[in-house]
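Residue-level structure breakdown
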Amino acid sequence: MSHRSMSYVMPDAINGAIGGAMSYVIRHVAAVACLMLLALPVARAQTAEQAQRAELEELRRVVAGEVQLAAYDLVDELVYRWNQSPPFGEPTPVIIADLTVPVGMGTGLAALVENHLAKLLIDNPQSNVQLSACPSCTAMLVHSGREGTVVSRGLDNPKALDKVGGPGGRHGLYLDLAAEGAWLVLRARITKLTPDLPIVYSQTIASPVGAPSLLRSSQGLKSAAEARDEYLDALEDRGPYTIPVKFAVRTYAAADEFGFPPAPVIWLQTGFEAALTQARRWKADIVLGYAWLPDAYQGFMIQSRMARLLGQTRSLTGPDVYLVLGAALMTVDGVAVAQLADLGQSNNDGTVSTRGTFAGLHLGLEMRVANRVGATVFLENMPAFNDSDRIGDFVDPFGIEFHSFGAEVSFCF
Amino acid sequence: MEFWIYVLLFSLPSLVEYARDPVAGPLAPDLMAGAGEALRGLDCEAISHVTARERYPGRVTAPPPRGDLLDRQAVVCRARLMPPGVRRARDEAILGDLRRSSEEMAGLVAGLADPLRERTWLVEVYYPDPQVAAKVQFATKNALLEQGVRVTDRAPTLAAGDVEVLGRIDPQRAWPLACTRYVATDSLGAGDALMGVALRDRRATILNVGYCADGDWRWLR
């Protein structure tokens, strides 16, 4: 019984204690939950507002990123115009008085544009605008006089500026970038820092959204028209015709029966090359060649080639590769190339002739750099030596015997 | 029946033209998909067919060599630099058209009779947002200079007491009073004139222009 009663008493006591604690916790949790529920709309509102603000900041950052290149382009254009028509007759110290960016963007963009402008002015002394530092010009000055106490920037109060050893008659450059609809507008004005503060120069330049930035080099600034002319010149290079001078070497494969190959023949070639299209995707040449090695051989040749650019456009900075297909007619004479001689021919004195005249069809790759220097490797089939026991082949894909392997270096004039 | 066939045949070219109209035509998918949002973020201008051909030779077809029965125009739309919502609507309205409006305002001063026009002009802008006010002032000064008017960066000043009084009265009366005080305090000399640009009604998106010379204030717009 006691055990029973104990068994009842103990759980009741425990239950009571636990129940009290539980109800305390539940009451507090409920109270906190109620408070949280009550606070939820406010928190949600704050979160939504913060999210909206963050989204707006992100949007501003993206816009500023897009505007930066356009802003650089406008500043380039401004300095280019100064180069063409300087605002001063002689080099004149100018202080960057103010640079403002479109409303809605941060000052980070202003710092970037200011640095870009400084670099441009240093690289373009012919603009006659010399950057000058003047800490007191942009500092706030407090000046007391008969008219009262005036608090202003030094630039805005030249009288006060003079008293603190200001620039004295220098000029202040004011720049403003504004986003107006689909246009980015740069306004510039130069003010003479005398008490009258006359504006001596102003310029407004606008660029539409989506206009590609010229990405001009800070040295040797050019207009869009000049840049286009230079680009066309680079594309056309020196016109469609060139005179190539080539040093070529042709090596020959040894026939199994003969044991050793003819000596390699070194050719000096020159002729005429023409680009068949404006973009030089197709070109053709015809050259005459001469080969001579004392007591070894002498030869003459005529060769013609067609070449097709591998790729869509020629590179203005890197090498281009062309697929080359050509034909050559060669005649060589000499003991070093006796295997190439025509069979059954003899000289006037009755000795066996070492002169050989034969044609070759070659296929190769040419690497050309800026239409000035080139290097070519090719494989050549000489039909007269198919199944020959005097000349072998290096490779014979699809049954075509390539008897000769050649390499050449060319210089174009 | 034949009559209606004739009507259909005659109107067919016009119907095709209308369908292909990139702005109002039913086959204008880019604009019609979310038209409201898309149009709000665009800055559009109508230009002649010939100009459009010059500017976009690959995208605008050449006019027919024997002329065209229709008066064709091209509408060039560009995305606004600042997407909607980044700036306040009123600021956007003022700044979005600042080049044209500043030229117009400067034209009012440049069009004044010679003794006034030849003066040195100071420019003062009243706008609730100082950043926008600075932009308007910059644009107006440049526009004045481009129209051959002499301009200075000098700002007219007033005593603290004047500022306090002027701040309490409405702009309609404040500008003439300020003008009188500028001259009385020699802030505006005999060879100077002040061009005032103000937003007289906070709900408006048109800036008003006036000038102060010899103590007299006149509204130009």
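Residues numbered from 1 in each chain as written. Chains lettered and ligands numbered in written order. Predicted model: local features only at pLDDT ≥ 70, side-chain atom pairs only at ≥ 80, totals over all residues. Heavy atoms only, no water.

Focus: helix H6 (residues 98-110) of chain B
Here H6(B) is 13 residues long and its end C-alpha atoms lie 18 Å apart, about the 18 Å a rise of 1.5 Å per residue gives. The complete set of buried residues in H6(B) reads Leu98(B), Ser101(B), Ser102(B), Met105(B), Ala106(B), Val109(B) and Ala110(B). (Helix = DSSP H or I, 4+ residues; strand = E, 2+ residues; numbered from the N terminus. Expected span 1.5 Å × (residues − 1). Buried < 20%, exposed > 50% of the residue type's maximum accessible area, 1.4 Å probe, protein only.)

Looking at helix H10 (residues 171-184) of chain B
Residues and elements named next belong to chain B. Here H10 spans 19 Å end to end across 14 residues, near enough to the 20 Å set by a 1.5 Å rise per residue. Of all the residues in H10, the buried ones are Ala 174, Trp 175, Ala 178, Cys 179 and Tyr 182. Projected down its long axis, H10 shows its buried positions confined to an angular sector of 135 degrees, all on one face. Residues of H10 that are exposed and point over 90 degrees away from its buried face: Arg 173 and Ala 184. Looking one or two residues past H10, Asp 186 carries a phi angle of roughly 65 degrees, positive in sign. (Arc of directions from axis to C-beta.)

Section: the state of the cysteines
Residues and elements named next belong to chain B. Scanning the model with the defined rule gives three disulfides over all chains in all. Each sulfur in the disulfide pair Cys 44 and Cys 77 lies 2.0 Å from the other. The disulfide joining Cys 44 to Cys 77 has a torsion of about 110 degrees about its S-S bond and is therefore right-handed. Taken together, the positions of Cys 44 in strand S1 (residues 42-48) and Cys 77 in strand S2 (residues 73-79) put the pair 33 residues apart, joining distant regions of the chain. Residue pairing for Cys 179: its cysteine sulfur links by disulfide to Cys 212, the two sulfurs lying 2.0 Å apart. The sign of the S-S torsion, about 80 degrees, decides the handedness of the disulfide formed by Cys 179 and Cys 212: right-handed. Note that Cys 179 is positioned in helix H10 and Cys 212 in strand S5 (residues 208-213), a separation of 33 residues in sequence. (Disulfide = S-S within 2.5 Å.)

Side note on the confidence of the model for chain B
Looking at chain B, pLDDT values average 84 and 90% of them are 70 or higher. The complex model carries a pTM of 0.63, and its ipTM stands at 0.79. (pLDDT = per-residue confidence, 0-100.)

With respect to the packing of H6(B) against helix H8 (residues 130-146) of chain B
All names here are of chain B. It is the contact of H6 with H8, at a shortest axis distance of 8 Å, that shows an interaxial angle of 55 degrees. As judged from the angle between their axes, H6 and H8 are oblique. Between H6 and H8 the crossing geometry is right-handed. Taking contact as the criterion, the partners of Leu 98, Ser 102, Glu 103, Met 105, Ala 106 and Val 109 in H6 are, on H8, Lys 135, Val 136, Ala 139, Thr 140, Ala 143 and Leu 144. (Axes fitted to C-alpha atoms, helices over the stretch in contact; angles between N-to-C directions. Parallel < 35°, antiparallel > 145°, perpendicular 65-115°, else oblique. Left-handed = near helix turned anticlockwise from the far one by under 90°. Contact = heavy atoms within 4.5 Å.)

Structural notes on the interface of chain B and chain A
By a frequent convention, interface size equals the accessible area lost on bringing the separate parts together. Listed as interface residues are 28 residues of chain B and, on the opposing side, 38 residues of chain A. Roughly 2900 Å² of surface becomes buried between chain B and chain A when both sides are summed, with 59% attributable to carbon and sulfur atoms. Counting the surface chain B buries against chain A, the share from its top three residues, Leu81(B), Arg99(B) and Phe138(B), is 26%. Where chain B touches chain A, the interface holds two salt bridges. Between Asp176(A) and Lys135(B) there is a salt bridge whose closest N-O contact spans 2.5 Å. Inspection of the region where chain B meets chain A yields 18 residue pairs in polar contact (both at pLDDT 80 or more). Where the side of chain B that touches chain A is concerned, the elements lending two or more residues are S2, helix H5 (89-96), H6 and H8 of chain B. (Buried area = accessible area lost by both parts, 1.4 Å probe. Salt bridge = Lys/Arg side-chain N within 4 Å of Asp/Glu carboxyl O. Polar contact = N/O pair within 3.5 Å; in protein donor to acceptor, adjacent residues only side chain to side chain.)

Regarding the packing of H5(B) against H8(B)
All names here are of chain B. Relative orientation of the contacting elements H5 and H8 amounts to 10 degrees, with a least axis distance of 11 Å. Taken together, the axis directions place H5 and H8 in an arrangement best described as roughly parallel. Counting all contacts with H5, which are made through Asp 91, Ile 94 and Leu 95, the residues of H8 involved are Val 132, Lys 135 and Val 136. For the contact of H5 with H8, a count of residues per class yields four nonpolar, no polar and two charged. (Nonpolar A, V, L, I, M, F, W, Y, C, P; charged D, E, K, R; others polar.)

So, the pairing of strand S6 (residues 183-192) of chain A
Residues and elements named next belong to chain A. When you tally the buried positions in S6, you get eight out of ten residues, the bulk of the element. For strand S5 (residues 171-180) and S6, the ladder comprises ten bridges, and the chain directions are antiparallel. For Glu 180, the partnering residue across the bridge sits in S6 and is Trp 183. In this structure, the hairpin formed by S5 and S6 is closed by a connection of two residues, where Gly 181 is found at a positive phi of approximately 65 degrees. Sheet topology note: the S6/strand S7 (residues 199-208) ladder contains nine bridges and is antiparallel. In the strand pairing of S7, Leu 184 is matched with Ser 207. Counted between consecutive antiparallel strands, the loop separating S6 from S7 contains six residues, among which Leu 197 sits at a positive phi close to 45 degrees. (Pairing = 2+ DSSP bridges.)

Some words on the sheet that holds strand S1 (residues 92-100) of chain A
Read across the sheet, five strands follow the order S2-S1-S5-S6-S7 (chain A) without closing on themselves; strand pairing throughout is mixed. Unpaired on one side and paired on the other, strand S2 (129-131) and S7 of chain A mark the two borders of the sheet. Adjacent strand axes in the sheet meet at a mean angle of 30 degrees, parallel and antiparallel pairs treated alike. With respect to the sheet, helix H2 (residues 108-123) of chain A is in contact with S1, S2 and S5 of chain A, its orientation differing from that of S1(A) by roughly 160 degrees. In the packing of H8(B) onto the sheet, contacts are made with S1, S5, S6 and S7 of chain A, and the angle to S7(A) comes to roughly 110 degrees.

Section: the sheet that holds strand S3 (residues 120-126) of chain B
Residues and elements named next belong to chain B. Spatially, the four strands line up as an open sheet ordered S3-S4-S5-S6, and their pairing is mixed. The open sheet has two edge strands with one neighbour each: S3 and strand S6 (216-219). Between one strand axis and the next, the sheet turns by 20 degrees as a mean value, whatever way the strands run. Bridge count between S3 and strand S4 (residues 192-198): seven bridges; the pairing is parallel. Considered in S4, the bridge of Trp 121 is made with Ala 193.

Comments concerning a negative patch on the surface
Residues and elements named next belong to chain A. Residues Asp 256, Glu 257, Asp 389, Asp 393 and Asp 396 make up a contiguous surface patch of negative charge. Mapped onto the fold, Glu 257 is located in the loop between strand S9 (244-252) and strand S10 (265-275). Taking relative accessible area as the criterion, Glu 257 reaches 61% and is therefore assigned exposed. (Patch = residues over 30% accessible without salt bridge, like charges linked within 9 Å, V, L, I, M, F, W, Y side chains within 5 Å. Areas by Shrake-Rupley, 256 points an atom, 1.4 Å probe, with all protein chains shown as cover. Lys, Arg positive; Asp, Glu negative; His and termini not counted. Charge placed at Lys NZ, Arg CZ, Asp CG, Glu CD.)

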